[in-house]
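Below are the chains, spelled out letter by letter.
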Amino acid sequence: LSGPVVMVLCVLALIGAAFRLCLKLLSPALRDGGGTVRMALPPLLLFALIVFPGEMFCQREHLMVVVLFPYVMLAAARAAATPVPNGQRLTIALLAAIGFALKPYFLAIPVLIELFVLVRRGVRAWVTDGVPWVLAIFFVAYLAAAWLFTPEYFSDVLPLVMSFARPRVIRRLLP
């Protein structure tokens, strides 16, 4: 098989895993919901994961969105204090950490989501939850690995990006 075919198959496998995790998290709501919701939600979720990305299929943004769906559903369950099995929680957290680490500015998404869960549940429940710890440990390990294996990113690429982005941002903020 060619590289692009294998990539598409791997992304479809990731979509299948994310879809299954979403259905597990939604199963109580689907049992209690009306027939229309029960029938419409899974196909809509598959449409959002497979068809809607269009030309962006297999791009980093698409991969992040694929892992975002189960992570957001898990965050909603955590915020509502709904019990979710630890294995499922940690699997979703690890997939989300990998997806959010694809681009540095993706990290704003889990920070805001975790802030929401923190406000809803309180500090004690949030700190004892394993999900933010999995995310934090993965992000720190990823940053350390990037610093160790690709120091050029921090010495060459990042300063170049910042020199380009900073004047544009300042021009937009100032009249």
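Look a little higher up for the structure.
Residues numbered from 1 in each chain as written. Predicted model: local features only at pLDDT ≥ 70, side-chain atom pairs only at ≥ 80, totals over all residues. Heavy atoms only, no water.

Caption draft 1: Structural view of the packing of aromatic side chains. All chains considered together, the criterion is met by 7 aromatic pairs. Between the aromatic rings of Y71 and F100, the centroid separation amounts to 5.5 Å while the plane-to-plane angle is 75°, which identifies the pairing as edge-to-face. Taken together, the positions of Y71 in helix 3 (residues 60–79) and F100 in helix 4 (residues 86–100) put the pair 29 residues apart, joining distant regions of the chain. Y71 sits in the buried class, given a relative accessible area of 0%. Between Y105 and F106, the aromatic rings sit 5.4 Å apart at their centres with planes inclined by 80°, giving edge-to-face as the arrangement. Counting every residue linked through ring pairs, the aromatic cluster contains F138, F139 and Y142. (Phe/Tyr/Trp six-rings, centres within 6.5 Å; stacked < 30°, edge-to-face > 60°. Helix = DSSP H or I, 4+ residues; strand = E, 2+ residues; numbered from the N terminus. Buried < 20%, exposed > 50% of the residue type's maximum accessible area, 1.4 Å probe, protein only.)

Caption draft 2: Local environment of the pattern of salt bridges. Counting across every chain of the model gives 4 salt bridges. As a salt-bridge pair, R78 and E114 come within 2.7 Å of each other at their nearest N and O atoms. Of this pair, R78 sits in helix 3 while E114 sits in helix 5 (residues 108–121); the two residues are 36 residues apart in sequence, bridging distant segments of the chain. Among the residues examined, R78 registers a relative accessible area of 2% and is labelled buried. Of the charged contacts, one joins D129 and R89 as a salt bridge, the two residues approaching to 2.2 Å between their closest N and O atoms. With D129 in the loop between helix 6 (123–128) and helix 7 (130–149) and R89 in helix 4, this residue pair connects regions lying 40 residues apart in the sequence. Looking at R89, the relative accessible area reads 14%, which means it is buried. By sharing partners, the salt bridges in this structure join R78, R89, E114 and D129 into a single network. (Salt bridge = Lys/Arg side-chain N within 4 Å of Asp/Glu carboxyl O.)

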